[in-house]
Amino acid sequence: MRYISTRGQAPALNFEDVLLAGLATDGGLYVPENLPRFTQEEIASWAGLPYHELAFRVMRPFVTGSIPDADFKKILEETYGVFAHSAIAPLRQLNGNEWVLELFHGPTLAFKDFALQLLGRLLDYVLEKRGERVVIIGATSGDTGSAAIEGCKHCENVDIFILHPHKRVSEVQRRQMTTIFGENIHNIAIEGNFDDCQEMVKNSFADQSFLKGTRLVAVNSINWARIMAQIVYYFHASLQLGGPARSVSFSVPTGNFGDIFAGYLARNMGLPINQLIVATNRNDILHRFMSGNQYVKETLHATLSPSMDIMVSSNFERLLFDMHGRNGAALAELMNSFKQGGGFSVEQERWTETRKLFDSLAVDDAQTCETIAQVYAETGEVLDPHTAIGVKAARECRRSLDIPMVILGTAHPVKFPEAVEKAGIGKALELPEHLTDLFEREERCTVLANDLKTVQAFVSQHGNRGKPL
Ligand SMILES: *Cc1c(COP(=O)(O)O)cnc(C)c1O
């Protein structure tokens, strides 16, 4: 399988190189040159497979030529072996034909584990073979950091530095990062905000001289391997609800457009999907595009669903690429004008075509809490605020009651107690078994000034399993 850049000017890469690449050299994102397509018979034959075996069948075409089948199978078995639920991604029924796909049974209780548990293992496998080491520097406002640390903690060939804004992540989220120990794990609290952290990561990618020749790898959702891993659970959900003979719809709590883009790919790979709903919070650039063909940046608002607090959705470029007939030059122009401060609209026919599949809704904090309360009253289930946004959007945008509606349950409610409390749910939420002592555990974290040179000096001092690079 070869991968090409959405901006058409970077060399095509194989899977191994795309795994290590991050952004393409032309500023674009990598996508498969040709998407695999499965027949209905083939998909139907996968019904009842254990999750890791389904994952093997769905993802195999993407890694062909880079990872032998037997090795890939073993990696997948290990990856999904760490999940706390035997179904890995169980479906829970809310209402008639309305389901939540629970993606929060991984080590850090959010769907990001599905991709980052795999990414860590893939990186280590590929690096071992090449005899190389890499450094990961990532910025997090919460979920990504802990999932990346959990995913990489056993990696022999990876040192991971996660920057979070000091005193600005929730206690559960902080402890999920700082209580994981290993000589290759480094938590840095920056005396600044999330944007400061992200800016430092960006600048570090732009000039990597402080790494003395060691390669820097991206773990944010622009990494193709993360998207790839997320395609699997769309197949998994559909097969449990009568697919592929029957079509299924999905509502996806959305920030960077990674998770829902995986659903779009599943459909293009042959899975019958009727409708994809983009559910956003008040940071609604994607909803404004889907409802009014306007892609315009606005101020960032802090919400009760912080993992979806974004101004711009990085993975949306991958959909725009397809929308424009995979014309890299057109995309480069569009993204450039966007960067110059302009928003954009796409040609009417392209937008209309996109809307045949996608619907959207923006849900504010008050509606989020209302939905949490409503679902609790109906079913006794406590939803996390991100999932609640998905439920609200599903209920507002649903086109057919005959088609099963699956809402992606992106996080466990215990991670976001503030929203649950505001929804008026008195019941104390319990941490899952593997985390019951989270609040007693020792923490390790270094507080650093909001200064790029200080942070880079720290990385080069500790980037080789705690020793200097
Ligand atoms: C990351 C995250 C999202 C948003 O996913 P994208 O792929 O960025 O659209 C939604 N909910 C939770 C809980 C998350 O951690």
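Residues numbered from 1 in each chain as written. Predicted model: local features only at pLDDT ≥ 70, side-chain atom pairs only at ≥ 80, totals over all residues. Heavy atoms only, no water.

- An unreviewed UniProt entry lists the chain under the name Threonine synthase, with Pseudomonas syringae pv. avii given as the organism.
- In the Sequence similarities (unreviewed entry) part of its UniProt record, the chain is described as follows: "Belongs to the threonine synthase family."
- Heading Pathway (unreviewed entry) of the UniProt record for the chain holds this comment: "Amino-acid biosynthesis." (UniProt positions renumbered as here; feature names shortened; annotations may be inferred.)

## Examining the overall build of the chain
Right, on to step 1. Helix and strand content of the chain: 18 helices and 14 strands.
Right, on to step 2. For 469 residues, the compact-globule estimate of 2.2 N^0.38 gives 23 Å, and the C-alpha radius of gyration of the chain, at 21 Å, lies within 12% of that figure.
Right, on to step 3. Overall size of the chain, expressed as C-alpha extent along the three principal axes, is 60 × 50 × 50 Å.
Right, on to step 4. Considering the chain as a whole, with its 469 residues, one finds that 58% of them fall into the buried category.
Right, on to step 5. When contacts within the chain are restricted to residue pairs at least 6 apart in sequence, those whose partners lie at least 24 apart make up 76%. (Helix = DSSP H or I, 4+ residues; strand = E, 2+ residues; numbered from the N terminus. Rg over C-alpha atoms; globule rule 2.2 N^0.38 Å. Buried < 20%, exposed > 50% of the residue type's maximum accessible area, 1.4 Å probe, protein only. Contact = heavy atoms within 4.5 Å.)

## Focus: the nonpolar core
Right, on to step 1. With 110 residues, the main nonpolar core has Phe15, Tyr234 and Phe235 as its most contacted residues.
Right, on to step 2. At twelve residues, the largest contribution of residues to this core is made by helix α9 (residues 224–240).
Right, on to step 3. Sequence-distant contacts of Tyr234, defined by excluding residues within four places in its chain, comprise Phe250, Val252, Asp259, Ile260, Ala262, Gly263, Ala266, Leu271, Ile273, Leu276 and Leu408.
Right, on to step 4. Listed in part, the 25 residues of the second largest apolar core include Ala279, Leu304, Val391 and Ile407. (Core = buried A, V, L, I, M, F, W, Y, C linked by side-chain atoms within 4.5 Å.)

## A few points about the sheet that holds strand β1 (residues 2–5)
Right, on to step 1. Here we have three strands laid out as an open sheet, ordered β2-β1-β3, and antiparallel in their pairing. Two strands close off the open sheet at either side, each with one partner strand: β2 (13–14) and β3 (30–32).
Right, on to step 2. The pairing of β1 with β3 spans three bridges and is classified as antiparallel. Following the sheet pairing, Tyr3 is matched in β3 by Pro32. (Pairing = 2+ DSSP bridges.)

## Overview of the UniProt feature "domain: Threonine synthase N-terminal" (unreviewed entry) in the chain
Right, on to step 1. Sites flagged by UniProt as "domain: Threonine synthase N-terminal" (unreviewed entry) map to residues 2–80.
Right, on to step 2. A distance of 26 Å separates the end C-alpha atoms of residues 2–80, which is 47% helix and 11% strand.

## Here we look at the site of the ligand
Right, on to step 1. Lys112, Asp143, Gly255, Asn256 and Asp259 are the nearest of the 15 residues found near the ligand.
Right, on to step 2. Contact distances for the ligand include 3.2 Å between an oxygen atom and a backbone N or O atom of Gly258.
Right, on to step 3. Contact distances for the ligand include 2.9 Å between an oxygen atom and a backbone N or O atom of Asp259.
Right, on to step 4. Against a free-state accessible area of 390 Å², the protein chains account for coverage of 96% of the ligand.
Right, on to step 5. Residues belonging to the shell around the ligand are distributed by class as follows: five nonpolar, seven polar and three charged. (Near = heavy atom within 4 Å. Polar contact = N/O pair within 3.5 Å; in protein donor to acceptor, adjacent residues only side chain to side chain. Areas by Shrake-Rupley, 256 points an atom, 1.4 Å probe, with all protein chains shown as cover. Nonpolar A, V, L, I, M, F, W, Y, C, P; charged D, E, K, R; others polar.)

## Some details on the sheet that holds strand β7 (residues 158–165)
Right, on to step 1. With parallel pairing, the five strands of this open sheet are ordered in space as β9-β6-β7-β8-β14. Whereas interior strands pair on both sides, the edge strands pair on one side only; in this sheet they are β9 (215–217) and β14 (446–448). The sheet shows a mean angle of 30 degrees between the axes of neighbouring strands, direction not considered.
Right, on to step 2. By the bridge criterion, six bridges tie β7 to strand β8 (residues 185–190) in an arrangement that is parallel. Each residue of the ladder has a partner; that of Phe161, found in β8, is His186.
Right, on to step 3. Across the sheet, helix α6 (residues 143–152) touches β6 (134–139), β7 and β8, and the angle it forms with β7 is around 165 degrees. (Axes fitted to C-alpha atoms, helices over the stretch in contact; angles between N-to-C directions.)

## Here's the deal with the UniProt feature "modified residue: N6-(pyridoxal phosphate)lysine" (unreviewed entry) in the chain
Right, on to step 1. Under the local residue numbering, the UniProt record ascribes the feature "modified residue: N6-(pyridoxal phosphate)lysine" (unreviewed entry) to Lys112.
Right, on to step 2. Mapped onto the secondary structure, Lys112 falls in helix α5 (residues 112–130).
Right, on to step 3. Judged by its relative accessible area of 11%, Lys112 falls in the buried class.
Right, on to step 4. Not counting residues up to four positions away in its chain, the partners in contact with Lys112 are Asp143, Thr144, Ala147 and Arg226.

## Considerations on the packing of helix α11 (residues 285–292) against helix α14 (residues 348–355)
Right, on to step 1. Two elements in contact, α11 and α14, have axes whose closest approach is 9 Å; the angle formed by their N-to-C orientations is 105 degrees. Overall, the two elements α11 and α14 adopt an arrangement that is roughly perpendicular. Residues Phe289, Met290, Ser291 and Gly292 of α11 form the contact with α14, whose own contacting residues are Trp351, Thr354 and Arg355.
Right, on to step 2. When the residues that make up the contact of α11 with α14 are grouped by side-chain class, the tally is three nonpolar, three polar and one charged. (Parallel < 35°, antiparallel > 145°, perpendicular 65-115°, else oblique.)

## Describing the environment of Ser460
Right, on to step 1. Structurally, the position occupied by Ser460 is in helix α18 (residues 452–462).
Right, on to step 2. In the structure, Ser460 is positioned 249 residues away from Leu211 in sequence and 5.9 Å away in space, judged by C-alpha atoms.
Right, on to step 3. Once you skip the residues sitting within four places of it in the chain, Ser460 turns out to touch Phe210, Lys212, Lys467, Pro468 and Leu469.

## Notes on the packing of α9 against helix α10 (residues 258–268)
Right, on to step 1. Look at α9 against α10: their axes get within 8 Å of each other, and the N-to-C directions meet at 60 degrees. In terms of orientation, α9 and α10 fall into the oblique class. Of the two possible hands of crossing, α9 and α10 adopt the one that is right-handed. Within the contact between the two elements, α9 uses Trp224, Ile227, Gln230, Ile231, Tyr233, Tyr234 and Phe235 and α10 uses Gly258, Asp259, Ile260, Phe261, Ala262, Gly263, Leu265 and Ala266.
Right, on to step 2. For the contact of α9 with α10, a count of residues per class yields eleven nonpolar, three polar and one charged. (Left-handed = near helix turned anticlockwise from the far one by under 90°.)

## Quick look at the packing of aromatic side chains
How two aromatic rings sit relative to each other is set out by the distance from centre to centre and by the angle between their planes.
Right, on to step 1. Taken as a whole and assessed by the stated rule, the structure comprises 27 aromatic pairs.
Right, on to step 2. Their ring planes at 65 degrees and their centres at 5.7 Å tell us that Tyr51 and Phe114 sit as a pair that is edge-to-face. Residue Tyr51 is found in helix α3 (residues 51–63), and its partner Phe114 is found in helix α5; the two are separated by 63 residues along the sequence.
Right, on to step 3. Accessibility expressed as a relative area gives 4% for Tyr51, which makes it buried.
Right, on to step 4. Taking 5.6 Å as the distance between ring centres and 45 degrees as the angle between the ring planes, the aromatic pair formed by Tyr80 and Phe83 counts as tilted. Across the pair, Phe83 and Tyr80 agree in class, each one buried.
Right, on to step 5. Note that Lys73 overlies the ring of Phe56, its terminal NZ or CZ placed 4.9 Å from the centroid. (Phe/Tyr/Trp six-rings, centres within 6.5 Å; stacked < 30°, edge-to-face > 60°. Lys NZ or Arg CZ within 6 Å of the ring centre and 35° of its normal.)

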